[in-house]
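# Breakdown of the fold
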2 protein chains.
Amino acid sequence: MHTHKEEVVLHVHASNDNLAEHVQEILKEQNIYAVNVMGAPGVGKTTTLENIIKHLKGAVYVLEGDIESDIDTQRLCKQNIAARQINTFGACHLDAPLIHKAVHDWQFEKDGFLFIENVGNLVCPAEFSIGENIKMLIVSVTDGSDKPYKYPLAFEKAGIIILNKIDLLPHVDFDEKFFMDGVRHLNKDVPVFKVCGKTGEGFQAVAEFLKKIKSCKL
Amino acid sequence: MHTHKEEVVLHVHASNDNLAEHVQEILKEQNIYAVNVMGAPGVGKTTTLENIIKHLKGAVYVLEGDIESDIDTQRLCKQNIAARQINTFGACHLDAPLIHKAVHDWQFEKDGFLFIENVGNLVCPAEFSIGENIKMLIVSVTDGSDKPYKYPLAFEKAGIIILNKIDLLPHVDFDEKFFMDGVRHLNKDVPVFKVCGKTGEGFQAVAEFLKKIKSCKL
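Residues numbered from 1 in each chain as written. Chains lettered and ligands numbered in written order. Predicted model: local features only at pLDDT ≥ 70, side-chain atom pairs only at ≥ 80, totals over all residues. Heavy atoms only, no water.

### Looking at the overall build of chain A
Looking only at helices and strands, one finds eight helices and seven strands in chain A. Relative to its length of 218 residues, chain A is compact, with a C-alpha radius of gyration of 17 Å against a globular reference of 17 Å. In chain A, which comprises 218 residues, the proportion classed as buried is 56%. The contacts in chain A between residues at least 6 apart in sequence include a share of 74% that link residues at least 24 apart. For chain A, the exposed area adds up to about 9600 Å²; of that, 52% sits on carbon and sulfur atoms. For chain A, the distance from the average site of its 24 positive side-chain charges to the average site of its 30 negative ones is 5 Å. (Helix = DSSP H or I, 4+ residues; strand = E, 2+ residues; numbered from the N terminus. Rg over C-alpha atoms; globule rule 2.2 N^0.38 Å. Buried < 20%, exposed > 50% of the residue type's maximum accessible area, 1.4 Å probe, protein only. Contact = heavy atoms within 4.5 Å. Areas by Shrake-Rupley, 256 points an atom, 1.4 Å probe, with all protein chains shown as cover. Lys, Arg positive; Asp, Glu negative; His and termini not counted. Charge placed at Lys NZ, Arg CZ, Asp CG, Glu CD.)

### Considerations on the interface of chain B and chain A
How large an interface is tends to be reported as the accessible area lost when its parts come together. Counting from both sides, the interface comprises 37 residues of chain B and, opposite them, 37 residues of chain A. Of the roughly 2900 Å² buried at the junction of chain B and chain A (both faces included), carbon and sulfur atoms supply 61%. Among the residues of chain B in contact with chain A, P41, K150 and H171 of chain B are the three that bury the most area, contributing 20% of the side total. Linking chain B with chain A are two salt bridges. For the salt bridge of K150 of chain A with D72 of chain B, the shortest nitrogen-to-oxygen distance reads 2.7 Å. Of all elements in the fold, only helix 1 (4-29), helix 3 (71-78) and helix 5 (147-150) of chain B reach the threshold of two or more residues within the side of chain B that touches chain A. Counting residues per element, the side of chain B that touches chain A draws most heavily on helix 1 of chain B, which supplies four residues. (Buried area = accessible area lost by both parts, 1.4 Å probe. Salt bridge = Lys/Arg side-chain N within 4 Å of Asp/Glu carboxyl O.)

### Describing the pattern of salt bridges
Residues and elements named next belong to chain A. Scanning the entire structure with this criterion turns up 20 salt bridges over all chains. With a closest N to O distance of 2.5 Å, D146 and K147 form a salt bridge. Of the two residues, D146 and K147, both sit in the buried class. Between D146 and K150 there is a salt bridge, with the nearest N and O atoms lying 3.1 Å from each other.

### Some details on the packing of helix 2 (residues 45-54) of chain B against helix 3 of chain B
Residues and elements named next belong to chain B. Interhelical geometry of helix 2 versus helix 3 gives an angle of 15° and a closest axis separation of 11 Å. As judged from the angle between their axes, helix 2 and helix 3 are roughly parallel. The crossing of helix 2 and helix 3 is right-handed. Here T46, T47 and E50 of helix 2 lie close against helix 3, whose contacting residues are D72, R75 and L76. Residue composition of the contact of helix 2 with helix 3, grouped by class: one nonpolar, two polar and three charged. (Axes fitted to C-alpha atoms, helices over the stretch in contact; angles between N-to-C directions. Parallel < 35°, antiparallel > 145°, perpendicular 65-115°, else oblique. Left-handed = near helix turned anticlockwise from the far one by under 90°. Nonpolar A, V, L, I, M, F, W, Y, C, P; charged D, E, K, R; others polar.)

### Overview of the packing of aromatic side chains
One pass over the full model with this rule turns up 18 aromatic pairs over all chains. Centre to centre, the rings of W106 of chain A and F108 of chain A are 4.9 Å apart; their planes meet at 35°, and the pair counts as tilted. Summarising the burial analysis for this pair, W106 of chain A and F108 of chain A share the class buried. Geometrically, the ring pair formed by Y61 of chain B and W106 of chain B is edge-to-face, given 5.6 Å between the ring centres and 75° between the ring planes. Separated by 45 residues along the polypeptide, Y61 of chain B in strand 2 (residues 59-66) and W106 of chain B in the loop between helix 4 (96-103) and strand 4 (112-117) bring together distant segments of the chain. (Phe/Tyr/Trp six-rings, centres within 6.5 Å; stacked < 30°, edge-to-face > 60°.)

### Topic: the side chain of K214 of chain B
All names here are of chain B. Residue placement: K214 occurs in helix 8 (residues 203-217). Classification of K214 as buried rests on a relative accessible area of 9%. In contact with K214, other than residues within four places in its own chain, are N31, Y33, D111, G112 and F113.

### Digging into the nonpolar core
With 108 residues, the main nonpolar core has F115 of chain A together with F115 of chain B as its most contacted residues. Take this core: its biggest share by element is six residues, from helix 8 (residues 203-217) of chain A. Apart from residues no more than four positions distant in its own chain, F115 of chain A is found in contact with V35, V37, L49, I52, I53, L56, V60, Y61, V62, L63 and L210 of chain A. (Core = buried A, V, L, I, M, F, W, Y, C linked by side-chain atoms within 4.5 Å.)

### A look at helix 7 (residues 176-186) of chain B
All names here are of chain B. Residues of helix 7 that are buried: F179, G182 and V183. Angular distribution of buried residues about the axis of helix 7 spans 100°; they occupy a single face of the element. Away from its buried face, by an angle of more than 90 degrees, helix 7 presents the exposed residues K177 and H185. If you follow the buried residues of helix 7, they end up packed against strand 5 (134-140), helix 5, helix 6 (152-157), strand 6 (160-164) and strand 7 (192-194). (Arc of directions from axis to C-beta.)

### Comments concerning the pairing of strand 2 (residues 59-66) of chain A
The element strand 2 of chain A is largely enclosed, with a buried count of eight among its eight residues. Along strand 2 of chain A, one buried face is formed by A59, Y61, L63 and G65 of chain A and the opposite face, lined by V60, V62, E64 and D66 of chain A, is buried too.

### What about the sheet that holds strand 4 (residues 112-117) of chain A?
Note on sheets: strands pair through backbone hydrogen bonds, and any given pair is parallel or antiparallel. Residue and element names in this part refer to chain A. Spatially, 3-2-4-1-5-6-7 is the arrangement adopted by the seven strands of the open sheet, whose pairing is parallel. Bordering the open sheet on either side are strand 3 (82-87) and strand 7 (192-194), each of which pairs with just one other strand. Here the strands of the sheet are splayed against their neighbours by 20° on average, with no regard to which way each runs. In terms of strand pairing, strand 6 (residues 160-164) meets strand 7 through three bridges, oriented parallel. From the neighbouring strand, I162 faces strand 7, where its bridge partner is F193. Most of the contacts of helix 4 (residues 96-103) go to strand 3, to which it runs at about 140°, and overall it touches strand 2, strand 3 and strand 4. Those strands touched by helix 7 (residues 176-186) are strand 5 (134-140), strand 6 and strand 7, and its axis lies near 155° from that of strand 7. (Pairing = 2+ DSSP bridges.)

As structure tokens, then:
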């Protein structure tokens, strides 16, 4: 038997998942491949998007999720990237209703990518499907190598992992073997790309992977 | 009128706050000053505690909150720090019931500090009182200077802010003025201490502040 609180939580998840499926249908009809971009605050989610987008041809759209502010959307729009803002005003993750509202009358060009930058949070976003085709998890070497052990769900659900800020490796204690052991224990086959948001190193391979997986999955 | 979901949320917060008051009474009776240590994953919460504790005389206790694992508790126990683990198994923050369960038959020596390291998350922990006397927010220069704008609640509620990893300032783009403007907009008087977890720089001042505020508040 579930308690009252548990019942409400289950109900919230079930209705979220139904709407997430609907979002996926809307996007599939338009040949839009959606990437749910997750990561703790400050790991470089927006910088990662800027770098990947440079290597993608064709239509690219971005939804920026933040509790408050539209700093990142402004930053992307200045680079002529088609970005829109979602503010959750307190909520710690994006959910399918928010994405449904955002995409449901957005006229996408056919055949493109939609990157949805989730709220900076290594915990809650991993629990909610938002109609994405893939979850991209971004982590930074400055945050330490123990993250897979402490925040397993995000690593378990990731379809691609980006290890950012590798330019800072000489200045921090990051045990790559310990990190990768933790990742592999949770997620046997997920590709892990080492990148540097500052210099752009490593992002071409990420873009190639996304193009390939998009063409396989759509 | 509140929706059903909102009613449940309000109920959860009200019963949490009642129990948080009870936790505070238990701790006050034993002259224990409780610090709720908040911050995103990887900002250096445990390292900060290790460094502060070196400068504190008398009894010090630590409760380590993690979704999974007891890596940090093991690390502290090896240094003969009286640390205990709380695992939330999925939950994104500590709450008063978890702390109540942990402290309610813990025999503290009189007159000491209890540091409660929350789950690594810059969003949810700020919403829940756990019976603390003060919230200590830890942020890192590697995470960028826009954090107060994007995650305002944690900054608004902080009684002390620790800006960590200042040794990496030469290698990252951190706009201190922009950061401090954001902090001051939300929290006029909160003291902000710049520290380096790696070298121990700046922690003596943090410890002095905590000793002073403890003697004023208890």
